[in-house]
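Inside the fold
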Amino acid sequence: MLPDRHYLETVLGAGALAERPHLFSDSVIDLPLAEFEALAGFIRAVTELVGLASYQTAIAERHAWVSVSQPPGVCLGFDFHRTPDGPKLIEINTNAGGSLLVTALNRAWGLLQQAAVAEQLLVDMFKAEWLAWDTARPLKTIAIVDESPEQQYLYPEFVRWQKLFEAHGIQAMVCAPEALLCNSAGQLSYQGIPIDLVYNRLTDFSLAAATSAAMANAWAAQAAGVKTGTLITPHPVAHALWADKRNLDWLSDPERLALFGLTRDAAEQIVRCVPRTTPVLAAQSEHFWSNRKTLFFKPQAGFGSRATYRGEKLTKRVFEEILQGGYVAQAFVPPPEVALNSPLGEAPITLKYDLRVYAYAGEIQLLAARLYQGQTTNFRTPGGGFAPVRVA
């Protein structure tokens, strides 16, 4: 059985797959129920941690903030590698893309109920986010914002989001951040249309870029608790709470989790899934260099595997750059592999993959796999791309 490519071409638009030939794999990943339960337990436990006042205070102190009281932030993605000892967290993302592409793929595989449930959960997530912020106004307009959105690899997903919102009675538009205007009340508008909520797909996580100026002004009002403006989500606080790679140090340290006041069971569920991660300090350069083959180096504010380095292949020059600051070192966990039949009838090809878990408010919405060759996911591998995950 293969996915219905004609259906995918229909729902994603003419030329979308031709321009992205490795967006979807023809494979399916089966996941045992016990591993799914381990993932679900981790999601609940880490959500409990992020909700603790002690944890939020530690994050605020790190960033010199006064308060971190904000809605949770939409579209969390948790990336895992499967191992014989259970799933291991690689990173957390606050604007994880692909969810609506995966639901389309699920439909193409005939997993209709799975796709319908996930899509409803995704819409409900935005409604819950809005209610967590403002119960006085109905949610009427959403802007999906990214740099040069039509040139983004996942642009077809932006269009799917737009159609999904509109199917639920919410006017939606796709635009670049510089196309937005911000008034004195912190409300953004696009072509004269007031925006209630921005679905933020930018990788400018602190909204510091010049093109993000209008959003930065709206965020300043939001951070100050002004309810008359536009809600930006995910927002800088969500990124700091969830996706800053320095947090992995705390998540992999049972003593630190205990100091936060996390329950013992929740702490064990987290530590069991998080490879030991530590900040890279120049004072400990000899230790990190001598142990580099067992480590994976990541920038603390990185995304999409940019500027990440497998220690085994690290050069001295790059290592010296890493020592300048802003990196963490995570115990290396090799990705699982899957053998696929060659479309030309040749020998099977072996691809690596990771599991992406989409979640909100401590509950899993959707699972996906991303198949690839090379060091990281890249959507350039024949036979690779997003794949459905079936829980056995």
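Structure shown above.
Residues numbered from 1 in each chain as written. Predicted model: local features only at pLDDT ≥ 70, side-chain atom pairs only at ≥ 80, totals over all residues. Heavy atoms only, no water.

**Looking at the overall build of the protein chain**
We apply this condition: Each helix is a run of DSSP H or I of at least 4 residues and each strand a run of E of at least 2, with the numbering of both proceeding from the N terminus. We compute the radius of gyration over the C-alpha atoms and compare it with the globule rule, which gives 2.2 Å times the number of residues raised to the power 0.38. We call a residue buried when its accessible area falls under 20% of the maximum for its residue type, exposed when it is over 50%, and partly exposed in between, using a 1.4 Å probe and counting protein chains only. We call two residues in contact whenever any of their non-hydrogen atoms come within 4.5 Å of each other. Counting rule applied: Lys, Arg positive; Asp, Glu negative; His and chain ends not counted. Note that the charge is assigned to NZ on lysines, CZ on arginines, CG on aspartates and CD on glutamates.
A tally of regular secondary structure across the protein chain gives 14 helices and 18 strands. By the compact-globule yardstick of 21 Å for 392 residues, the protein chain fits well, its C-alpha radius of gyration being 21 Å. Projecting the C-alpha coordinates of the protein chain onto the three principal axes gives extents of approximately 55 × 55 × 40 Å. Within the protein chain, buried positions represent 54% of all 392 residues. Taking contacts inside the protein chain between residues at least 6 apart in sequence as the whole, the part at least 24 apart equals 68%. Across the protein chain, the centroid of the 33 positively charged side chains sits 2 Å from that of the 38 negatively charged ones.

**Looking at the sheet that holds strand β7 (residues 188–190)**
Definition in use: At least two DSSP bridges between two strands are required for those strands to pair. Working convention: axes come from line fits to C-alpha atoms, limited for helices to the stretch in contact. Angles between N-to-C directions cover 0 to 180 degrees.
Taken in spatial order, the 3 strands line up as β6-β7-β8 in an open sheet, and their pairing is antiparallel. The open sheet terminates on both sides in strands that have one partner only, identified here as β6 (180–182) and β8 (193–195). Taking the axes of each pair of neighbouring strands and ignoring which way they run, one obtains an average angle of 35 degrees across the sheet. Note: β7 against β8, 3 bridges, orientation antiparallel. Bridge pairing links Ser189 to Pro194 in β8. Contacting β6 and β7, helix α8 (residues 213–223) runs over the sheet at an angle of about 40 degrees to β6.

**Quick look at the side chain of Asp249**
With respect to the element layout, Asp249 can be found in helix α10 (residues 247–251). If near-sequence neighbours (up to four positions away) are discounted, Asp249 is found in contact with Arg276, Thr277 and Pro279.

**Some details on the pairing of strand β17 (residues 363–372)**
Burial analysis of β17 places 9 of its 10 residues in the buried class, which makes it a mostly covered element. Direction of pairing for strand β16 (residues 349–360) relative to β17: antiparallel, over a ladder of 9 bridges. Across the sheet, residue Tyr353 finds its bridge partner in β17, namely Leu371. Following β16, the chain reverses through 2 residues before pairing antiparallel with β17; Ala361 in that reversal takes a positive phi of roughly 55 degrees. Relative to strand β18 (residues 385–391), β17 is paired through 4 bridges, and the arrangement is antiparallel.

**With respect to helix α12 (residues 264–273)**
Quick note on the threshold: In this context, the arc is that of the directions from the helix axis out to the C-beta atoms.
Buried within α12 we find Ala266, Ala267, Ile270 and Cys273. With its buried residues spanning 140 degrees around the axis, α12 presents them on a single face. Of the exposed residues in α12, those oriented more than 90 degrees away from the buried face are Arg264 and Asp265.

**Some words on the pairing of strand β15 (residues 337–340)**
Alternating positions in β15 separate cleanly, Val338 and Leu340 being buried on one face and Glu337 and Ala339 remaining unburied on the opposite face. Bridge count for β15 against β16 is 4 bridges, and the pairing is antiparallel. Its bridge partner being in β16, Val338 is matched across the sheet by Leu351.

**Details of empty space enclosed by the protein**
Our working definition: Both cavities and pockets are sets of points on a 1 Å grid over the protein atoms alone; in a cavity a 1.4 Å probe fits but cannot get out, in a pocket the set is open with protein on both sides within 12 Å along at least five of seven lines, and lining residues sit with an atom within 4 Å of a point. Grid points are joined across faces, edges and corners, and a volume is the space filled by probe spheres set on the points.
Across all of its chains, the model carries 3 cavities of 30 Å³ or more by this definition. If you add up the space inside the largest cavity, you get close to 50 Å³.

**Description of the nonpolar core**
Definition in use: In this text, buried Ala, Val, Leu, Ile, Met, Phe, Trp, Tyr and Cys residues form a nonpolar core when linked through side-chain atoms within 4.5 Å.
Counting 64 residues, the largest nonpolar core has Phe42, Phe78 and Ile270 as the members making the most contacts within it. Element by element, the count of residues in this core is highest for helix α3 (residues 33–50), at 8 residues. Apart from residues lying up to four places away in sequence, Phe78 is in contact with Phe42, Ile43, Val46, Leu89, Glu91, Ile92, Trp242, Leu355, Arg356, Val357 and Ala359. Formed by 23 residues, the second largest nonpolar core is a distinct cluster that contains Leu122, Ile144, Leu197 and Leu231.

**What about the sheet that holds strand β9 (residues 197–200)?**
Overall, parallel pairing links the 4 strands, which are arranged β5-β4-β9-β10 in an open sheet. Each edge of the sheet is formed by a strand with only one pairing partner; in this case those strands are β5 (171–175) and β10 (231–233). Each adjacent strand pair in this sheet contributes to an overall mean axis angle of 20 degrees, direction not counted. Where strand β4 (residues 141–145) meets β9, 4 bridges bridge the pair, whose relative direction is parallel.

**Examining unusual backbone geometry**
The peptide bond linking Thr233 to Pro234 adopts the cis configuration, its omega dihedral lying at -5 degrees. Position of Pro234 among the secondary structure elements: in the loop between β10 and α9 (236–243). A positive phi angle, near 50 degrees, is found at Gln191, a position not held by glycine. Note on placement: Gln191 falls in the loop between β7 and β8.

**Quick notes on the packing of aromatic side chains**
The description of two aromatic rings rests on the distance between their centres and on the angle between their planes. Rules: Stacked, tilted and edge-to-face pairs are distinguished by plane angle, under 30 degrees for stacked and over 60 for edge-to-face with tilted covering the rest, among Phe, Tyr and Trp rings (Trp via its six-membered ring) whose centres lie within 6.5 Å. Ring-over charges, as used throughout, are those where CZ of Arg or NZ of Lys falls within 6 Å of the ring centre and within 35 degrees of the ring normal.
Tallied over the entire structure, the rule returns 18 aromatic pairs. Judged by centre distance (5.9 Å) and plane angle (85 degrees), the rings of Tyr55 and Trp250 are edge-to-face. With Tyr55 in helix α4 (residues 53–63) and Trp250 in helix α10, this pair connects stretches of sequence that are 195 residues apart. The exposure class of Trp250 is buried, given its relative accessible area of 9%. Here the aromatic rings of Trp250 and Phe260 are separated by 5.4 Å at their centres, their planes lie at 65 degrees, and the arrangement is edge-to-face. On the criterion of sequence distance, the pair formed by Trp250 in helix α10 and Phe260 in the loop between α11 (254–259) and α12 is long-range, its members being 10 residues apart. An aromatic cluster is built from Phe42, Phe78, Phe80 and Trp242, whose rings are joined through pairwise contacts. Sitting over the ring of Tyr153, Arg20 keeps its end group 5.8 Å from the ring centre.

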